[in-house]
There are 2 protein chains.
Amino acid sequence: MTDDIDGLIDTTGATDAATAGEPRERRGRGAASGREARRAARSRPKTAYAPYILRRVPTFDVLSEEGLQIIEANAETILEEIGIDFRDDAEALDLWREAGADVQGERVHIPRGLARKLIATAPAEFTQHARNPERSVQIGGKATVFAPVYGPPFVRGLDGGRRYATIEDFRNFVKLAYQSPALHHSGGTVCEPVDLPVNKRHLDMNYAHMRYSDKPFMGSVTHPLRALDTIEMAKILFGAEFVEHNTVITSLINANSPMVWDSTMLGALKNYARANQATIVTPFILAGAMSPVTVAGTLAQTLAESMAGMAFAQLCRPGAPVIFGSFASSISMQSGAPTFGTPEPALVLYGCAQLARRLGVPFRSGGSLCGSKTADAQAAFESANTLLPTVLGGVNFVLHAAGWLEGGLVSSYEKFVMDADQLGMMRTMLEGIDLSENGQAMDAIREVGPGAHFLGCAHTQANFETAFYRSSIADNNTYEQWLAEGERDANTRAGALAKKMLDEYEAPAIDPAVDEALVAFIAKKKAEFPDSNI
Amino acid sequence: MTDDIDGLIDTTGATDAATAGEPRERRGRGAASGREARRAARSRPKTAYAPYILRRVPTFDVLSEEGLQIIEANAETILEEIGIDFRDDAEALDLWREAGADVQGERVHIPRGLARKLIATAPAEFTQHARNPERSVQIGGKATVFAPVYGPPFVRGLDGGRRYATIEDFRNFVKLAYQSPALHHSGGTVCEPVDLPVNKRHLDMNYAHMRYSDKPFMGSVTHPLRALDTIEMAKILFGAEFVEHNTVITSLINANSPMVWDSTMLGALKNYARANQATIVTPFILAGAMSPVTVAGTLAQTLAESMAGMAFAQLCRPGAPVIFGSFASSISMQSGAPTFGTPEPALVLYGCAQLARRLGVPFRSGGSLCGSKTADAQAAFESANTLLPTVLGGVNFVLHAAGWLEGGLVSSYEKFVMDADQLGMMRTMLEGIDLSENGQAMDAIREVGPGAHFLGCAHTQANFETAFYRSSIADNNTYEQWLAEGERDANTRAGALAKKMLDEYEAPAIDPAVDEALVAFIAKKKAEFPDSNI
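What counts as what
- Residues numbered from 1 in each chain as written.
- Chains lettered and ligands numbered in written order.
- Predicted model: local features only at pLDDT ≥ 70, side-chain atom pairs only at ≥ 80, totals over all residues.
- Heavy atoms only, no water.
- Pairing = 2+ DSSP bridges.
- Helix = DSSP H or I, 4+ residues; strand = E, 2+ residues; numbered from the N terminus.
- Expected span 1.5 Å × (residues − 1).
- Buried < 20%, exposed > 50% of the residue type's maximum accessible area, 1.4 Å probe, protein only.
- Axes fitted to C-alpha atoms, helices over the stretch in contact; angles between N-to-C directions.
- Parallel < 35°, antiparallel > 145°, perpendicular 65-115°, else oblique.
- Left-handed = near helix turned anticlockwise from the far one by under 90°.
- Contact = heavy atoms within 4.5 Å.
- Phe/Tyr/Trp six-rings, centres within 6.5 Å; stacked < 30°, edge-to-face > 60°.
- Buried area = accessible area lost by both parts, 1.4 Å probe.
- Salt bridge = Lys/Arg side-chain N within 4 Å of Asp/Glu carboxyl O.
- Nonpolar A, V, L, I, M, F, W, Y, C, P; charged D, E, K, R; others polar.

Q: Where do I start with the sheet that holds strand β9 (residues 162-164) of chain B in this structure?
A: Adjacent strands of a sheet pair through backbone hydrogen bonds, lying either parallel or antiparallel. All names here are of chain B. Taken together, the four strands give an open sheet; going across it, the order is β9-β8-β19-β18, and neighbouring strands pair in mixed fashion. Bordering the open sheet on either side are β9 and β18 (404-405), each of which pairs with just one other strand. As defined by bridge partners, strand β8 (residues 154-156) adjoins β9 across three bridges and the pair is classed as antiparallel. Bridged to F154 within β9 is Y164.

Q: What is the right way to read helix α12 (residues 343-359) of chain A from this model?
A: Side chains of residues three or four places apart in an α-helix project in the same direction, reflecting 3.6 residues per turn. Residues and elements named next belong to chain A. Under the 1.5 Å per step criterion, the end-to-end length of α12 is 25 Å for 17 residues, consistent within 8% with the ideal 24 Å. Of all the 17 residues making up α12, 15 are buried; the element is thus mostly covered by neighbouring parts of the structure. Looking one or two residues beyond α12, the residue adopting positive phi is G360, at roughly 80 degrees.

Q: Where do I start with the packing of helix α12 (residues 343-359) of chain B against helix α13 (residues 377-393) of chain B in this structure?
A: Each pair of packed helices can be summarised by the angle the axes make with each other and by the distance between the axes. All names here are of chain B. Orientation of α12 relative to α13, taken along the N-to-C sense of each, is 20 degrees, at an axis distance of 9 Å. Viewed along their axes, α12 and α13 adopt a mutual orientation that is roughly parallel. The two elements α12 and α13 meet at a crossing, and its hand is right-handed. Along the contact surface, α12 presents A346, L349, Y350, A353 and R357, while α13 presents N385, T386, P389, T390, L392 and G393.

Q: I'm lost on the packing of aromatic side chains in this one. Help?
A: To describe a pair of aromatic rings, one takes the distance between the centres and the angle between the planes. Residues and elements named next belong to chain A. What the rule picks out here adds up to 31 aromatic pairs over all chains. Seen in terms of ring centroids, F173 and Y413 are 4.3 Å apart; in terms of plane orientation they differ by 25 degrees. Their pairing is stacked. With F173 in helix α6 (residues 167-179) and Y413 in helix α14 (residues 413-431), the pair connects residues that are 240 residues apart, well separated along the chain. Given a relative accessible area of 0%, F173 falls into the buried group.

Q: Would you mind going over the interface of chain A and chain B with me for this structure?
A: Put simply, an interface is often sized by how much accessible area is lost when its parts join up. Between chain A and chain B, the contact holds 114 residues from the first and 115 residues from the second. Both faces combined, the contact of chain A with chain B buries some 9,200 Å², and carbon together with sulfur accounts for 71% of it. Ranking the residues of chain A by area buried against chain B places F381, P450 and F468 of chain A at the top, with a combined share of 9%. Our count for the contact surface shared by chain A and chain B stands at four salt bridges. Two residues, D475 of chain A and K373 of chain B, come together in a salt bridge whose shortest N-O distance is 3.0 Å. Among the elements that line the side of chain A that touches chain B, the one with the most residues is helix α13 (residues 377-393) of chain A, at eleven residues. A class-by-class count of the residues in the side of chain A that touches chain B yields 59 nonpolar, 35 polar and 20 charged.

In C-alpha cells:
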C-alpha cells in the first residue's frame, strides 16, 4: 500500500486537494512531504478548498490553424478598414493618434498588427491577490477561476418569487460565494442593490465584498470616480504600497458592440489600468443583433473589439493586466429575445479561447448562463451547455459561474447553490484521470476477480472517501424514499440548502482598524454629495 | 451573393441539411447541384432530417499515448492473468480453446494480443439498414447515431405520475422517436411492456419498431430463441436474401461485470453474430460495485471485458459487426445508489472512446443519463453532463439518448422530448464553425459598422432562417409573457409537446403483404406455447 500512496501523490497529486491549485512546478517531490504528510493529504476530502483550478486535461479546440488565421486576418481588417469608435473621450483619441492609428472623428483605424503589438506588453498571466493570501488566484495559463453572477437587478428565492434586489441580497450572495468551496472569487455586482442610490451604492457593494468575504473581488465601473473609490478602499484593505505593486481588483469593462467603446467604460478602464489593476475587456454580444448571425463573423468582431480595448489599456499603462473577454449569446430570430445554451455561442467560446491563447492573454467567457425564468430543466440544460464548453475550452476567468437566471435579469438563490455544485464537478473533470498505481487499481481487480463485487475490497475501503464526486443537490435515494420525503425537486432542495448556508454563515476575521477605516471612508464619501440615481 | 452561396455550400455544406449525414466524399461538387439546387438547399431549415451526424470537429481526448498504453497493457493483463468467465456455455469454451486460450473450468485466460488480433476482423464501420433506405445509418468512423432510452419497466408522463409501462407506452415511444428528427434510430426496449407475457412480448416489441417507424431498430436479447425470432421477422421485413448480406439489426449484449459473460447474453450474441447482425458488446458497470472506484481501473476492466466479448463474436463469425460498448456510472459511497452526471463517468467515457478508436471498432456509450425522479434541474444537469462528453468524446452509437429518467427505471415522455431538443443542438455543435465567406460575414460587418445593429442587414435577412438553433422546449419570452401564460416550467411545456406529437402522429407506409406476413408470424409464434413470465 505504501507504494500505492507514493505513486498517487508523486505521480499526479490528483487527490492532494490542498495543493491542487498550486502550479505543479513548485511542488517538489521531497519538499515538506514525508510519509505522514502524504497520509494526511490522502485523508483529506477531495472537495476541500483550493484557491483555483489548474487543468490537467487538454483544451478542446474547434478551429484549425487555417481557421484561426482567417479569423485573425478578419479582425485586423475590422480594426484597420472599418475602425472602432472611442466616444466622448478626447484623451483616448490623442493616445491612439500618438500610437500611430488613423483617427477620423471618433473613429480609430488601427493599422494591421499595431493592436497585437501593443497587447504584447500585457502579462500572459497574473495573480489577483485576496486579503486572505490563501485565496489569491492565478488568472491565465492553465488556471480556471470561478466567480458568481454579475449584474441582475432582480433576485429570486429564499422567501418566494422574483423581486427587486436589495443590499441584503447582495450581502447574501457574497456570503454564499464565500461559503462555496467551488467559487474562487467573490465577483462584483452579484446583484444590483436597487434600494441604495446609484451614485453611492458602490461603496456598500465594495464593503460587502471586503468585509463578508476574504476572496478576491471586482470593482465598480459605472463611473470613473467610482473606480477611483474602489481603488481607495482597496488601499485601506491591502495597504497603499501593496496595491501600487500588486493586482487586487479585477473589473468588468464591456464594449458597446458593435465596435464602440463609450466614455464611462473608457474612464473606468483608464483609472484601473493606470493603477495597475486588472480589467476584463469584453464585447457583450447578442449575435444577430450586435454582431453577424454567424459564428465566424461574431468571432472576428469580438476579437477586433477586445483587441482594441486591451491595446488601449496598454496605451494607458504598458503592462497593465488585461483579460480578453467574450460574452456571446444568440437571439431568437422570431422574437429578438436572447437565447442561451444553444450550440452557436459554445462554438464562439471555443474559438475565442483559442484566439486568446494565441494572443497570449488570459481569457474570460462562459459561466452558467440560461434564459429560463426558474431553476428548472431548461435552466440546467442551458447552464450545462455553457459551463462544459467553458471548462473544456479553457476559460481562465469565469464570470456568472453561479446564480445566473432569466438571461441575467435575476440572481437566484436556488440556482446559485445548484451551480456551485456543478462547479465542484468541473474541478474533478479538469483534474483528468489519475494514472498512479492506486488509480490503475490492478490490485483491486486481482483481489475481486470475476463475478464478485468491489464494495468491500481493500482498495475500495482505502479510497471510498475521495472516490467519487458527491453532489450537494442531487437526490439519489430510492423512489420510495424520495416520495416519503415529499417529492422535492432540485429547486426545492437547493432553496433549503441556500437557507441553511446563510443560517450557518460566519464572517471571516478582519483587522478592526481596517474595518473602521473602511466604514469611515464610506461615511465621508456619502456625506460629500446628495443621493442620486444617475 | 452568388459567390457567398457557392462558398457556403461547396466549402462546408454546413446548412445543406439533406446531405449532412452523407459522407463528404460522396458529395461531388457538380453532382446534381446547380444554382437552383443550392438555393433550394439553402432555404431548408437547419433542423431538417438527416439520417445521422458526421462530425466535423475533433474528438476531445483526455488520455495521452502513455496513458492509453498503460490502460491497454492492464486490460491484456486482466485477459491473460485474471481471466474472463464464460458461464454455462460449453460451446463458447470450446471455441476459446481452439483459438488458443487457456480455459480452466469456465474461466478463459486469453493470451496477450489474442483478443486484439481476433477483433481485427471486425469492421471499423458498417451500415445498419433501415426499411426506409433514407434512414439507414453509418455506425463507426465520424458518425454519431442517437437512439432512445432502453430498458425501463416504468414510465412517467402524459397522464400524470409514475406507473408500470405497457405496450401502448412502448408504441408511443417508438412513435415519438420516429417523429423526432434528432433521433436517428428507433432503439430497442424503449420501455418494458410489462402487460405482456415475458416469453412473447418481444414479438410485439419488434413489430412496433417495424410498423410504427421506418428507422433502424434493435433486437431481442432476453433469450437466444427470441434473437432468432427477431432475425426471422427482419427477414420478412427486408427479405431473407437482403438480411443474409446486410446488417439490419443492432442488439445490446451486456456483460455481467466484473469479468463474466453469461449464457443468455452469449446465446443471443452467437445467434446475431452468425446471422451477420451487429452486437453492442457492453460491460454495464456501476463503478465502485462492479469495478474499482477509480477511472483508470474501470477503463482497464471495461476494455478487457468488451474485448473478450467482441473477440468471441469474431470466433462465431469472423467479420461480424461489433460495437465496443461502455456503460459506466459511479455509485454513492454512502448509500450504494447509482449516480449520474458526475465527472468520473465522463472521464471513463472519454478514455473508452479513445481506446475504441485505437482498437478500430465503433464505440457505444453515454446518452442522456440521470438519476433524478422527475425532469427537473437535476435531470437536466446530469443528462447534459453525460450528453456533451458523449458527443465531444466521439461516441458512434448513443443508446439512452432520449427519455431516460430515474437511473433507467423510468422512460419519461417529458424527458424524451426535452432530450430530443438537446440532440438537435448536438448536431449543430458537431458541424463546427462555417468558415465560408457567408460564414465569415465580413460584408455584414462592413455594411453595419460601429454603433448600428445587424437585425435588418442584408446578410441577416439572407441567413435568419437557418442562423441559430431553435429550441422546441426553451421559453425565451419576457417574464411578463411567461407569467401571463401560466408560469409553465420546462417539464410542463415538454409534456404538452409530447401529447401534441402523439396526436399528430402518422404511421409510415408499409407494404400490406409484408405487414400481413409479420402479423401472421407473430400469431403463429404466440400459438406455439403458453404465456409465461420467465
